[in-house]
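So the chains spell out like this:
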Amino acid sequence: MDLYEYQGKELLGRYGVPVSAGRLASTPDEARRAAEELGGPVVVKAQVLTGGRGKAGGVKLAGSPGEAAARAEEILGLEIRGHVVRRLWIESAAEIEREYYLAVTLDRGAQRALLMFTTRGGVEIEQVVAESPEALVRVHVDPLEGFEPHHARELLAGVGDERERLQLEAIATGLYRCFVESDATLCEINPLIVTPEAQVRALDAKVTIDDSALFRHSDLAALDDPSAADPLEVRARERGVIYVKLDGSVGIVGNGAGLSMATVDVVVVAGGRPANFCDLGGGGSAAGVVAALEVISSDRQVRSILFNIFGGITRCDEVARGILTALDEISLAVPIVVRLDGTNAEEGRRILAAGGRADLHVEPTMLAAAERAVELAA
Ligand code: GDP
Ligand code: MN
């Protein structure tokens, strides 16, 4: 789960990372009031779960409350990389002397946290890595050792004077603690600025929390904003199916992550492109099948549906009944190809055949089913 900038800053603030004072606003009038309360020049910042807001016109300086309202008017409703701006963060503007970049992320390969720092902040980090990879300092931290002063020395070697380095060390230490204690997979500050008064401060925050750990962070879980997510993914989650959007034309339903992913591959082998995939999980009850078919068929890119079930604990006869029930309940505009194997597969196929539906095709193998679905989607 990604946090909005203002939520990320609030979290970093708890770990001693200096951030500017700010207020939320969702109308130009609220932006004006926020600027009045803060006093002095402010920055009006689009709150969307994507980067590159500055370049897209989603971050603007305002010298007065009136200007803040005008900038808010311009930014609200703006679409940035597919995200419509509905909320703004108004914060006291900072003067920038230098812009750095500091992040902690999870290096799965190394099985360690990875701290990254560069004095070339403010621009996208991918650009820094492409242009001058040596400018990005990378330091791994052993989780059993934790973040120690020697890590900070390595990360910040040669940067700034002592006063600045002390602040940077404290911020890096806080960021690492935030990363570990929040079960984050990313805590990124870009830019981390130095003001003309030599104060170091986070002007942006990007925090991603591991979804699997949200159960032990009820305060963070409560920050989830369903309106920012793909509406179909939200509907799928509410109904207990896992739905992943892809960009082809064959909708896929499987039971279990492994089989669903393999089905995606087989569709590609058969010359097609998956539109999405839905994982029914281990169950495959009639209700689950109805939910999955409903979700998948609401995706307008779907031209055919491939249903691939391997019955282990799941019984194929139950899945077959689920499919027929679903087809009675919802009117599918696209053909569906079914491959059933495993427990009670023969009975399942018999049930499907007895259903007598012209838009339902049963195939004996995974490959044959994929080929048929690809053909029907063409
Ligand atoms: P992003 O483009 O989505 O990463 O949004 P940022 O929060 O990083 O803002 C983009 C840029 O706006 C920053 O790199 C800064 O150069 C600039 N900016 C943000 N806040 C301030 C501020 O308080 N004062 C000044 N002068 N510039 C700011
Ligand atoms: Mn940024």
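Residues numbered from 1 in each chain as written. Chains lettered and ligands numbered in written order. Predicted model: local features only at pLDDT ≥ 70, side-chain atom pairs only at ≥ 80, totals over all residues. Heavy atoms only, no water.

(A) Layout of the nonpolar core. Among the nonpolar cores identified, the biggest contains 38 residues, and L102, F117, L155, L168, I189 and L192 are the most heavily contacted of them. Element by element, the count of residues in this core is highest for helix α6 (residues 162-181), at 7 residues. Those residues in contact with L168 that sit more than four places away from it in its chain are Y100, F117, L156, V159, L192 and V200. Counting 35 residues, the second-largest nonpolar core is a separate cluster that includes A275, I309, L327 and A345. (Core = buried A, V, L, I, M, F, W, Y, C linked by side-chain atoms within 4.5 Å. Buried < 20%, exposed > 50% of the residue type's maximum accessible area, 1.4 Å probe, protein only. Helix = DSSP H or I, 4+ residues; strand = E, 2+ residues; numbered from the N terminus. Contact = heavy atoms within 4.5 Å.)

(B) The site of ligand 1, seen in detail. Surrounding ligand 1, one finds 17 residues, the nearest of these being K45, R53, G54, A94 and E99. Side-chain polar atom of R53 to an oxygen atom of ligand 1: 2.7 Å apart, as the coordinates give it. Put simply, ligand 1 lies in the largest pocket. When residues of the shell around ligand 1 are traced back to their parent elements, those giving at least two are β2 (42-46), β3 (59-62) and β10 (184-194). (Near = heavy atom within 4 Å. Polar contact = N/O pair within 3.5 Å; in protein donor to acceptor, adjacent residues only side chain to side chain. 1 Å grid on protein atoms, 1.4 Å probe; cavity = no way out; pocket = protein on both sides within 12 Å on 5 of 7 lines; lining within 4 Å. Sits in = over half its atoms within 2 Å of the grid points.)

(C) Region of the structure containing the layout of surface pockets. The calculated volume of the largest pocket comes to roughly 1000 Å³. Forming the boundary of the largest pocket are 40 residues, of which G52, R53, N190, P191 and D204 lie nearest the centre. Of all the secondary-structure elements, those providing two or more residues to the lining of the largest pocket are β2, β3, β7 (98-107), α4 (125-131), β10 and β12 (206-209). Residue contributions to the lining of the largest pocket peak at 4 residues, all from β10. Within the lining of the largest pocket, the residues separate by chemical class into 20 nonpolar, 7 polar and 13 charged. (Points joined across faces, edges and corners; volume = space filled by probe spheres on them. Nonpolar A, V, L, I, M, F, W, Y, C, P; charged D, E, K, R; others polar.)

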